Amino acid sequence: MSQSADIKAFSARIGHLFGQPALLKEALTHASVSSATQPNNERLEFLGDRVLALVMAEALLAADTRAAEGVLAPRFNALVRKETCADVAREIELGKVLRLGRSEMLSGGRRKEALLADALEAVIAAVYLDAGFGAARDLVLRLWGERVASVEPDARDPKTALQEWAQARGQTPPHYEILRRDGPDHAPQFEISVTLDSGESAIAVAGSKRQAEQAAARALLTRLEGAIS
């Protein structure tokens, strides 16, 4: 399938026919392949991040009319964080249509979490500029689907929750350490440990440093909370 056909198929997957196709092309252009005549997606990513935030804040307020700000904030963070955006991007196969430089392609750019998340935000901005906020809102709610309704009541990310657990007991923030990094650049594996002042620790392995830290924090927090109960 040609690049043009791929982009048309992608447009169909997200349910938006662009009146200004150049906006989508810009949203899918990474800095590694941009030029004086073809801007990259960084400016659109900046805008899309704000559009996504507004859509999610609005949706959460509508979904729970009684929740306080302190309850809504972690749910909001769970819905807009890079991991969630990257998961949505994978579901719509955004990586297949990204325009990347050779070095970025060889290093597995089409699968990189941060790159996918940023590109998705750029696509949201492209829809916003092409057809307005209503179209962008519809796109986000369509792509996020049941995530908005099913977000955990306490949706703090594990690193934040573990840090709060430690600080509530007079401990310093958890210490994270990379124990091992294996695999090629396009598919790395990180083994990371997390340790508390009191000596409790856990280890996890994942495809990015951030994911491994989150997994280690989650494992330790689960163990600690299980011991308390």
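Going by the structure above, here's the rest.
Predicted, not measured: the structure shown is a model, and the values here were computed from it.

(A) Examining the overall build of the protein more closely. Counting its secondary structure elements, the protein contains eleven helices and three strands. Mapped in sequence order, the helices and strands of the protein form the string α-α-α-α-α-α-α-α-α-α-β-β-β-α. Projected onto its principal axes, the C-alpha positions of the protein cover 60 × 50 × 25 Å. Contacts in the protein between residues far apart in sequence, at least 24 positions, make up 57% of those at least 6 positions apart.

(B) Here's a closer look at the pairing of strand 1 (residues 175–182). Inspection of the sheet shows strand 1 paired to strand 2 (residues 189–195) by seven bridges, in the antiparallel sense. Paired with I178 across the two strands is I192, which belongs to strand 2.

(C) Focus on the packing of helix 3 (residues 42–63) against helix 7 (residues 113–131). Two numbers describe how helix 3 lies on helix 7: the axes approach to 7 Å, and their chain directions differ by 80°. Considered as vectors, helix 3 and helix 7 are oriented roughly perpendicular to each other. In this structure, helix 3 contributes L44, E45, L47, G48, D49, V51 and L52 to the contact, and helix 7 contributes D118, E121, A122, I124, A125, A126, Y128 and L129. Grouping the constituent residues of the contact of helix 3 with helix 7 by class yields ten nonpolar, one polar and four charged.

(D) Structural detail: the pattern of salt bridges. A full pass over the atoms with the stated rule returns 16 salt bridges. For the salt bridge of K112 with E104, the shortest nitrogen-to-oxygen distance reads 2.6 Å. For K112, a relative accessible area of 31% puts it in the partly exposed group. A relative accessible area of 14% means that E104 is categorised as buried. Where E191 meets R180, a salt bridge forms, and the shortest distance between an N and an O atom there is 3.1 Å. Of the two residues, E191 sits in strand 2 while R180 sits in strand 1, which places them eleven residues apart along the sequence. On the accessibility criterion, R180 (33% relative accessible area) is partly exposed. When salt bridges that share partners are traced, they join E45, K82, D118 and E121 into one network.

(E) Just the nonpolar core, in detail. Among the nonpolar cores identified, the biggest contains 47 residues, and F10, L28, L94, L120 and W144 are the most heavily contacted of them. Looking at this core, the elements that each hand over two or more residues are helix 1 (3–14), helix 2 (21–27), helix 3, helix 4 (69–80), helix 5 (82–91), helix 7 and helix 8 (133–144). In terms of residues, this core owes the most to one element, helix 7, which gives eleven residues. Ignoring anything within four residues of it in the chain, the contact list for W144 reads L52, M56, L79, T84, C85, V88, L120 and I124.

(F) Just the packing of helix 3 against helix 4, in detail. Running from N to C, helix 3 and helix 4 cross one another at 135°; their axes reach a closest spacing of 10 Å. Taken together, the axes of helix 3 and helix 4 lie oblique to each other. Between helix 3 and helix 4 the crossing geometry is right-handed. Seen from helix 3, the contacting residues are L52, A53, M56, A57, L60 and L61; seen from helix 4, they are L72, R75, F76, L79 and V80. Looking at side-chain class alone, the contact of helix 3 with helix 4 contains ten nonpolar, no polar and one charged residues.

(G) A look at the side chain of T29. Along the chain, T29 falls in the loop between helix 2 and helix 3. Of note is the side chain of T29, whose polar atom sits 2.6 Å from the backbone oxygen of K25. Within the structure, the side chain of T29 is placed 3.1 Å from the side chain of R99, a separation counted as a polar contact.

(H) Representation of the packing of aromatic side chains within the structure. Taken as a whole and assessed by the stated rule, the structure comprises zero aromatic pairs. Against the face of Y176 rests K159, its NZ or CZ located 4.8 Å from the ring centre. Just above the ring of W165 sits the side chain of R169; from NZ or CZ to the centre is 3.8 Å.

Reading the values: the criteria
- Residues numbered from 1 in each chain as written.
- Predicted model: local features only at pLDDT ≥ 70, side-chain atom pairs only at ≥ 80, totals over all residues.
- Heavy atoms only, no water.
- Helix = DSSP H or I, 4+ residues; strand = E, 2+ residues; numbered from the N terminus.
- Contact = heavy atoms within 4.5 Å.
- Pairing = 2+ DSSP bridges.
- Axes fitted to C-alpha atoms, helices over the stretch in contact; angles between N-to-C directions.
- Parallel < 35°, antiparallel > 145°, perpendicular 65-115°, else oblique.
- Nonpolar A, V, L, I, M, F, W, Y, C, P; charged D, E, K, R; others polar.
- Salt bridge = Lys/Arg side-chain N within 4 Å of Asp/Glu carboxyl O.
- Buried < 20%, exposed > 50% of the residue type's maximum accessible area, 1.4 Å probe, protein only.
- Core = buried A, V, L, I, M, F, W, Y, C linked by side-chain atoms within 4.5 Å.
- Left-handed = near helix turned anticlockwise from the far one by under 90°.
- Polar contact = N/O pair within 3.5 Å; in protein donor to acceptor, adjacent residues only side chain to side chain.
- Phe/Tyr/Trp six-rings, centres within 6.5 Å; stacked < 30°, edge-to-face > 60°.
- Lys NZ or Arg CZ within 6 Å of the ring centre and 35° of its normal.

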